[in-house]
Amino acid sequence: MDKYLIVGLGNPGDEYALTRHNTGYMILDAFAKASNIVFEDRRYGYVAETSLKGRKVFLLKPTTFMNLSGNAVRYWLNKENIDQKRLLVVSDDVALPLGAFRLKANGSNGGHNGLGHIQQLIGQDYARLRMGIGNEFPRGGQIDWVLGKYNEEELKALQPRIDLVVEVIKSFVLAGIDITMNQYNKQGKSPAICQKPQE
């Protein structure tokens, strides 16, 4: 049976719940909820398992903290003997507007600490899906922004985009990266409509 590892990046602990940097966790939570599965606290992460049309899917929310995400990814790839081509990492991205997303087959870490650590341990050759969190922060305010919590309005705007990304993940498993990029990246360009009104 083909196995897939879907990783949602974030930081463990209640104080990080619903922060922008935990968008990867939020997307995997939505996937798990839609699939009626629950996460268990396992080595290096919260793990849930399901299957899609005969393919085994592992969902992983690393509990290593963002900067050491690669430890969890490498451990679970090895433990379950999963081909790196069947790995998809979901992360937040300040370079994209809120709710916009981009799926890529490989590439640089774009300055993201979690992706950077994964790259150090397994290289750049893995698929990643980046979900925009916007960048409406003052100069020097990036850390406060990414560790800040979404407000209700943002969460409401983001929900349909999260639901769409759950479909993107399923397509990655069932149809592969190329077909999925062709099908969904165009839809990924339109952000969630939740911009602050101009003064």
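Presented here is a report on the structure given in the accompanying data block. Being a predicted model, the structure only gives us computed values, none of them experimental.

Considerations on the overall build of the chain
A tally of helices and strands in the chain yields six helices and seven strands. Along its sequence from the N terminus, the chain presents helices and strands in the succession β-α-β-β-β-α-β-β-α-β-α-α-α. Relative to the compact-globule value of 16 Å for 199 residues, the chain shows a C-alpha radius of gyration of 16 Å, a close match. Projected onto its principal axes, the C-alpha positions of the chain cover 55 × 30 × 30 Å. Of the accessible surface of the chain, which amounts to about 9,900 Å², a share of 48% is contributed by carbon and sulfur atoms. Each charge class in the chain can be summarised by its mean position, and for the 25 positive and 21 negative side chains these summaries are 6 Å apart.

Quick word on the packing of aromatic side chains
Per the counting criterion, the structure on display carries five aromatic pairs. A ring pair is formed by tyrosine 16 and phenylalanine 65, whose centres lie 6.1 Å apart and whose planes are at 75°; its orientation type is edge-to-face. Within this pair, whereas tyrosine 16 is found in the loop between strand S1 (3-8) and helix H1 (23-34), its partner phenylalanine 65 is found in the loop between strand S4 (55-62) and helix H2 (69-79), the two being separated by 49 residues in sequence. Taking relative accessible area as the criterion, phenylalanine 65 reaches 40% and is therefore assigned partly exposed. Aromatic pair tyrosine 44 and tyrosine 75: ring centres 5.3 Å apart, planes at 75°, arrangement edge-to-face. On the criterion of sequence distance, the pair formed by tyrosine 44 in the loop between strand S2 (40-42) and strand S3 (45-52) and tyrosine 75 in helix H2 is long-range, its members being 31 residues apart. Of the residues examined, tyrosine 44 reaches a relative accessible area of 31% and is grouped as partly exposed. You can call tyrosine 75 partly exposed: its relative accessible area is 22%. Members of the aromatic cluster, connected to one another through ring pairs, are Tyr44, Tyr75 and Trp76. A cation sits over an aromatic face here: arginine 20 above tryptophan 145, 3.6 Å from the ring centre. Its end group placed over the ring of tyrosine 25, lysine 61 keeps NZ or CZ at 5.2 Å from the ring centre.

Describing the environment of proline 12
Assignment of secondary structure puts proline 12 in the loop between S1 and H1. A C-alpha to C-alpha distance of 8.8 Å links proline 12 and glycine 45, two positions 33 residues apart in sequence. The contact partners of proline 12, leaving out residues within four places of it in the chain, are Tyr25, Tyr46, Pro62, Thr63 and Phe65.

Rules used in this analysis
Residues numbered from 1 in each chain as written. Predicted model: local features only at pLDDT ≥ 70, side-chain atom pairs only at ≥ 80, totals over all residues. Heavy atoms only, no water. Helix = DSSP H or I, 4+ residues; strand = E, 2+ residues; numbered from the N terminus. Rg over C-alpha atoms; globule rule 2.2 N^0.38 Å. Areas by Shrake-Rupley, 256 points an atom, 1.4 Å probe, with all protein chains shown as cover. Lys, Arg positive; Asp, Glu negative; His and termini not counted. Charge placed at Lys NZ, Arg CZ, Asp CG, Glu CD. Phe/Tyr/Trp six-rings, centres within 6.5 Å; stacked < 30°, edge-to-face > 60°. Buried < 20%, exposed > 50% of the residue type's maximum accessible area, 1.4 Å probe, protein only. Lys NZ or Arg CZ within 6 Å of the ring centre and 35° of its normal. Contact = heavy atoms within 4.5 Å.

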